[in-house]
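Read off the chains here:
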Amino acid sequence: MKERSTLLATLLLPTALWAQQLNPIRIGLHNWATGLSSPTGLAHAGDDRLFVVERPGRIKIISDSMQVVSTPFLDITDRVNDGSSEQGLLSMVFAPDYATSGQFYVYYIGGTGDGVSRISRFFVTDNPDVADPDSEEIVYTWPQPEWNHNGADLHFGADGYLFCGFGDGGSGNDPDNHAQDLSDPLGDMIRIDVSLPGDTFGIPADNPYANAGGDTLPEIWASGLRNPWRFSIDASTGNMWIGDVGQNAWEEVDMWSSTDHSGANFGWRCREGLVATPGVSQAGCLAANDYVSPVGVFNHSSQGWCSVIGGYVYHGANWPHLANKYIFTDYCAGDFLTFGEDYDVDTLLMTTTAGYAAFGADMDGELYVANTSSGQVRKIHDACPMDAPTVTFDGNELSSTAADSYQWYLNGSTVAGATQQTYVPTVAGNYHVVVSFGAPCTLRSETELVLSTGIAGSTTGSFRIYPQPANDVLFVERSAEDQGRKELQLTDATGRVLRNGILALGQSRISLDITGFAGGAYVLRLIDAATGDARSIPVVIAR
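Report on the accompanying structure. Here the structure is a predicted model, which means the values were calculated and not measured.

Looking at the pattern of salt bridges
Opposite charge on two side chains permits them to pair, given that their charged atoms come into close proximity.
Thought 1: Applying the stated rule across the entire model yields 14 salt bridges.
Thought 2: The salt bridge partner of R58 is D75, with a shortest N-O separation of 3.5 Å. Highlighted residues: R58 in strand β4 (residues 58-64) and D75 in strand β6 (residues 74-75), separated in sequence by 17 residues.
Thought 3: Using a relative accessible area of 28% as the deciding quantity, one classes R58 as partly exposed.
Thought 4: Residue R79 pairs with E136 through a salt bridge whose shortest N-O separation is 2.9 Å. Of this pair, R79 sits in the loop between β6 and β7 (89-94) while E136 is found in strand β10 (residues 131-143), placing the two residues 57 residues apart along the sequence.

Laid out in structure tokens, this is it:
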């Protein structure tokens, strides 16, 4: 049985709910390269270059922002079949020991017509920016029964074995049930040892079907996938995140540990998303709990999704708010999402831009996304890197950290006219502030509980003493009618002076530090410097 402890169907948040989230993370996209031909993949070689896979059969190098090296790193257009939209050169990955071996791997469709899937090894030349197209060693090959659903992504696990995701072979509803048939790799994830020389590969001993025998392919690591066009392996946790492109109703994101070799079955063609596949007979299908359920599903009709694009977990240093966030999108909808707690969806960027087809990371863990329609590569950044505001209360006045604009709230309701950085509360309650740094950066503070205000203090004549009871600071404030010099003495019950202060000519307020004073009753004496007249006002300190 393949079960998860918490598996929720997640829906794209409507705009109204999206706007109400508490300090949601927002991303932006910087142009990083343009003028590319149908980019379908991104990779790095352990240095500061970014490599872009072009579907017609070339790999280009982006040397820096908006700098694409004119000479292709690899050109194999002479053997790539890109006759249909899901065919072509579709992915690449560098060997873990690339710095010494100079080896990298590509997945492409070769042959004619529906074509044949190939995983091939190539070698770099003495020029680090140019690979040798004649060095090809075809490591793995499989004929395709249709032109579509070719899968195609490649990634190495932490143990050095190569993972590759295959689609179910195309057509609709997997008519030949490839994804549940372990005698072919279609609809499966394979895991192979490519450390062997030449055009051979090995079977890792801990593959789930390594010793199954019969018609079962020992290279199969997981099954039940429709078209895992893009997946990634989180280098920190080992979790494999798979964007599995759906049929007519649902897109799904699956997650399984790349170190769990128990043979996960993700359910296709019996299951689409979290439901039995509409229009497909359930004869021969297992119970729903026998399949690994997706961690996220997205609807075609209500959300405008058509082809989920699996992404990456962010491990860069530039944007702390994005740390450990899995970022993904959809080819049609163009919205960028991540998962929060219990796999609920957080929207990072809402767009109407179609064509995003692949993510990639550079050597520093910064993330990029390629748009196959526009020929662009864009770099992901935090659109709101500033911290949320913090609020302090000095016993009289609430104050926010700096921003462009402010709005104060009491018990969740707007305080009319309270749009400055500071606000003097007149009633007790829960206060917070919402600040803006310009669209889309509207952030909210934590709640500050105000138990007492100046209104609750003691008043004698033109003087106000607050808060009452006091804690660490006591404020003395007077009206404009009494602006003469005053001496202040805070005494205990025996008359011993514990704290002195002076209200100078024209000074309207003074604070007395009472940190560390024991709780109890005290007396504040106000002495007129000109006449010597004194007033005594009871003060309570709470502990």
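Let's talk about the sheet that holds strand β25 (residues 356-361)
Thought 1: The four strands are arranged β1-β27-β26-β25 in an open sheet whose pairing can be described as antiparallel. Bordering the open sheet on either side are β1 (27-33) and β25, each of which pairs with just one other strand. The sheet shows a mean angle of 30 degrees between the axes of neighbouring strands, direction not considered.
Thought 2: By the bridge criterion, five bridges tie β25 to strand β26 (residues 367-371) in an arrangement that is antiparallel. Its bridge partner lying in β26, Y356 is registered against N371.

A look at the nonpolar core
Thought 1: Judged by nonpolar contacts, the single largest core of 42 residues is most densely connected at Y107 and F336.
Thought 2: Looking at this core element by element, the count peaks at four residues for β25.
Thought 3: Counting 19 residues, the second largest nonpolar core, distinct from the first, contains F73, L74, Y98 and A131.

Thoughts on the pairing of β10
Thought 1: Judged from the eight bridges that link them, strand β9 (residues 116-124) and β10 form a sheet pairing that is antiparallel. Across the sheet, V116 pairs through a bridge with P143, a residue of β10.

Structural notes on the sheet that holds strand β17 (residues 250-257)
Adjacent strands of a sheet form backbone hydrogen bonds with each other and so pair up, either parallel or antiparallel.
Thought 1: Strands sit in the order β15-β16-β17-β20 across an open sheet of four strands; the sheet is antiparallel. Edge strands, defined here as strands with exactly one partner in the open sheet, are β15 (230-233) and β20 (296-299). Here the average twist between neighbouring strands, direction ignored, is 10 degrees.
Thought 2: Of the strand pairs in this sheet, β15 and strand β16 (residues 239-244) are connected by four bridges, and their pairing is antiparallel. The partner of I233 across the bridge, within β16, is M240.

What counts, and at which threshold
- Residues numbered from 1 in each chain as written.
- Predicted model: local features only at pLDDT ≥ 70, side-chain atom pairs only at ≥ 80, totals over all residues.
- Heavy atoms only, no water.
- Salt bridge = Lys/Arg side-chain N within 4 Å of Asp/Glu carboxyl O.
- Helix = DSSP H or I, 4+ residues; strand = E, 2+ residues; numbered from the N terminus.
- Buried < 20%, exposed > 50% of the residue type's maximum accessible area, 1.4 Å probe, protein only.
- Pairing = 2+ DSSP bridges.
- Axes fitted to C-alpha atoms, helices over the stretch in contact; angles between N-to-C directions.
- Core = buried A, V, L, I, M, F, W, Y, C linked by side-chain atoms within 4.5 Å.

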